[in-house]
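Residue-level structure breakdown
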Amino acid sequence: MIRLRARDLAVSRGGLRVIEGVDVDLSAGDALILQGPNGAGKTTLLRTIAGLQPPAAGTIEAPEESIAYAAHADAVKPTLTAAENLAFWARVFGGSDRGVLARFDLADLAGRPAARLSAGQRRRLGLARLAVTGRPIWALDEPTVSLDRGSVARFTDVLRAHLGQGGIAIIASHLELDLPARVLDLRAHRAAPGRVARPSSFNEAFG
Amino acid sequence: MRALLLRDLRLAIRAGGGFGLGLCFFLILTVLVPFGIGPARAGLAAVAPGILWVGALLACLLSLDRIFALDHEDGSLDLLATSPLPLEGVVAIKALAHWLTTGLPLVVAAPVFGLLLQLPFAAMPWLVLSLLLGTPALSVLGAFGAALTVGLRRGGLLMSALVLPLYIPTLIFGAEITRRGAEGAPVAAPVALIAGITLASAALIPFAAAAALRVNLR
């Protein structure tokens with residue numbers, strides 16, 4: 001049974017705390033949507049959960065190598081074709097890329113160099129990578145940017161299927177996604193500079 | 001690991017990948033030096049080992065910042081860091097790919113460039129051997145410099161300043177092998193030293209570079 005838990009999590013960006021006191025408890029089939037204005041720390045929180053940076057405080061519990069991270073950048077190489085890009089990540093993560101291009105409506109573009117894909121098509125290729133990683137927890141940073149309405153619906157279907165298979169998703173998004181998801185508003189967890197927001201963590205520093 | 005190596009080689013060879021950049025630079029240098037110094041055999045042959053090695057070193061430096069910068073810009077490096085591949089392995093593979101696309105072509109083409117600089121025939125095998133043993137160290141040490149400066153805009157200049165001092169021992173011993181080879185003097189000592197530098201940096205640098213990458217990804 002897959003489970004992702006974070007307790008009393010605080011994350012920092014450039015040495016400054018941006019969020020603190022975040023508790024997350026997700027099990028198979030759960031989705032969590034992160035909301036907050038620009039600079040609220042959505043990306044930083046996702047990068048911390050993905051393991052790219054250590055938390056400033058608190059703990060994250062997840063099975064090893066279970067998280068697939070999709071950032072703002074699509075990690076698509078312009079001189080490789082769509083199929084080559086996907087096949088590379090499938091081999092790196094040890095997954096299979098069979099049928100994935102079709103699920104993201106990219107089958108017709110498989111042989112085209114990624115440089116000649118539109119922004120939305122490239123985005124879809126970047127998201128298709130999630131499916132080839134074979135990892136159960138998806139950490140998604142604004143996945144719907146530059147997607148048209150049809151593609152958003154299609155991606156929501158993929159997400160729903162992923163959750164239905166016992167996956168977990170954490171999504172930072174401004175768009176309303178048609179998903180049964182909990183919402184975490186990061187404004188409530190904003191770290192207050194110069195003010196001791198949480199006495200317990202203050203004592204921790206001296207304890 | 002193999003997938004990453006093949007991808008990096010493919011990226012280098014496709015349009016705009018920078019393959020041949022180092023070779024071209026090397027060619028320009030060896031064509032221009034005789035015009036600058038004069039074509040007299042004695043003068044050229046005396047400086048040829050040093051010029052060839054400095055050329056190889058600068059040609060290598062030219063393409064170093066591509067090792068990680070492009071992958072960092074498009075987000076691939078984040079994904080490689082969260083992938084099942086160990087980051088140390090990623091560094092080693094990317095340094096190997098850099099050597100295969102930059103160092104190895106120089107090794108193969110070096111005798112031709114040696115001819116342009118009037119390098120004696122007796123020194124040719126030693127030139128090739130010294131480059132074969134020394135250029136892998138240039139790629140690995142360069143990967144460390146690239147890892148240190150990966151997030152910086154215009155980090156290339158800082159990287160060159162950081163990496164050049166590390167290149168100096170390789171340069172000294174590499175040029176020394178070629179010079180001694182030309183004179184017929186014994187070469188065992190510089191060969192052993194340059195091989196030692198390459199082996200030690202290949203064994204240790206991936207760990208240092210991976211640590212630098214982890215800090216830069218935060």
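This structure is a prediction, so every number in the text was calculated from the model and none was measured.

About the thresholds
Residues numbered from 1 in each chain as written. Chains lettered and ligands numbered in written order. Predicted model: local features only at pLDDT ≥ 70, side-chain atom pairs only at ≥ 80, totals over all residues. Heavy atoms only, no water. Core = buried A, V, L, I, M, F, W, Y, C linked by side-chain atoms within 4.5 Å. Buried < 20%, exposed > 50% of the residue type's maximum accessible area, 1.4 Å probe, protein only. Helix = DSSP H or I, 4+ residues; strand = E, 2+ residues; numbered from the N terminus. Contact = heavy atoms within 4.5 Å. Salt bridge = Lys/Arg side-chain N within 4 Å of Asp/Glu carboxyl O. Pairing = 2+ DSSP bridges. Axes fitted to C-alpha atoms, helices over the stretch in contact; angles between N-to-C directions. Parallel < 35°, antiparallel > 145°, perpendicular 65-115°, else oblique. Left-handed = near helix turned anticlockwise from the far one by under 90°. Nonpolar A, V, L, I, M, F, W, Y, C, P; charged D, E, K, R; others polar. Expected span 1.5 Å × (residues − 1). Arc of directions from axis to C-beta.

This next bit is on the nonpolar core. If you look at the biggest cluster of nonpolar residues, it comprises 127 residues, and the most contacted ones within it are Trp89, Phe104 and Leu159 of chain A together with Phe68 and Tyr167 of chain B. Of the residues forming this core, the biggest block, 11 residues, is contributed by helix α6 (residues 87–116) of chain B. What Phe104 of chain A contacts, discounting residues up to four positions off in sequence, is Arg124, Leu127, Ala128, Ala131, Arg154, Phe155 and Val158 of chain A.

Below, the discussion takes up the pattern of salt bridges. Counted according to the given criterion, the structure contains 20 salt bridges over all chains. Residue Asp71 of chain B pairs with Lys77 of chain A through a salt bridge whose shortest N-O separation is 2.6 Å. Remark: Lys77 of chain A occurs in the loop between β5 (67–70) and α2 (82–93) and Asp71 of chain B occurs in helix α4 (residues 66–73); the pair is interchain, linking two chains. Like Asp71 of chain B, the residue Lys77 of chain A is buried in the burial classification.

All right, on to the sheet that holds strand β3 (residues 31–35) of chain A then. All names here are of chain A. One open sheet accounts for 5 strands, arranged β5-β6-β7-β3-β8; its pairing is parallel. Both edges of this open sheet fall to β5 and β8 (182–185), since each of them pairs with a single strand only. Taken pair by pair, the neighbouring strands of this sheet meet at an average axis angle of 15 degrees, ignoring direction. Sheet topology places strand β6 (residues 137–141) next to strand β7 (residues 168–172); 5 bridges connect them, and they run parallel. In the sheet register, Trp138 faces β7, and the bridge partner there is Ala169. Packed onto the sheet, helix α4 (residues 119–133) meets β5 and β6 and runs at close to 175 degrees relative to β5.

Take the packing of helix α7 (residues 124–148) of chain B against helix α9 (residues 188–217) of chain B next. Each pair of packed helices can be described by the angle between their axes along with the distance between the axes. Residue and element names in this part refer to chain B. Running from N to C, α7 and α9 point in directions that differ by 15 degrees, and their axes come no closer than 8 Å. Between α7 and α9, the interaxial angle falls into the category roughly parallel. The two elements α7 and α9 meet at a crossing, and its hand is left-handed.

What follows deals with the packing of helix α1 (residues 2–13) of chain B against α6 of chain B. Residues and elements named next belong to chain B. Here α1 crosses α6 at 35 degrees, and the two axes come no closer than 9 Å. Here α1 runs over α6; the crossing is right-handed. Between α1 and α6, the residues in contact are Leu4, Leu5, Arg7, Asp8, Leu9 and Ala12 and Val90, Ile93, Lys94, Leu96, Ala97, Leu100 and Thr101, respectively. Its residues assigned to classes, the contact of α1 with α6 comprises 9 nonpolar, 1 polar and 3 charged.

The next subject is helix α5 (residues 149–164) of chain A. Residues and elements named next belong to chain A. With 16 residues, α5 should cover 22 Å at 1.5 Å per step; its first-to-last C-alpha distance of 22 Å lies within 8% of that length. Within the sequence span of α5, burial applies to Ser151, Val152, Phe155, Thr156, Val158, Leu159, His162 and Leu163. Along the axis of α5, the buried residues cluster in a sector spanning 160 degrees; they form a single face. Opposite the buried face of α5, by more than 90 degrees, sit the exposed residues Arg149 and Gly164. Where α5 is buried, its residues meet β3, α3 (100–103), α4, β6 and β7. With its phi angle positive at about 90 degrees, Gly166 sits one or two positions after the end of α5.

Okay, the sheet that holds strand β2 (residues 16–27) of chain A next. Residues and elements named next belong to chain A. Judged by pairing direction, the sheet is antiparallel, and its 3 strands sit side by side in the order β2-β1-β4 without closing on themselves. Each edge of the sheet is formed by a strand with only one pairing partner; in this case those strands are β2 and β4 (57–61). Geometrically, the sheet is characterised by an average inter-axis angle of 20 degrees between neighbouring strands, direction not taken into account. Looking at chain direction, strand β1 (residues 3–13) and β2 are connected through 8 bridges and run antiparallel. When the sheet's bridge partners are listed, Leu9 is paired in β2 with Val22. Lying over the sheet, helix α1 (residues 42–49) contacts β1, β2 and β4, oriented at roughly 125 degrees with respect to β1.

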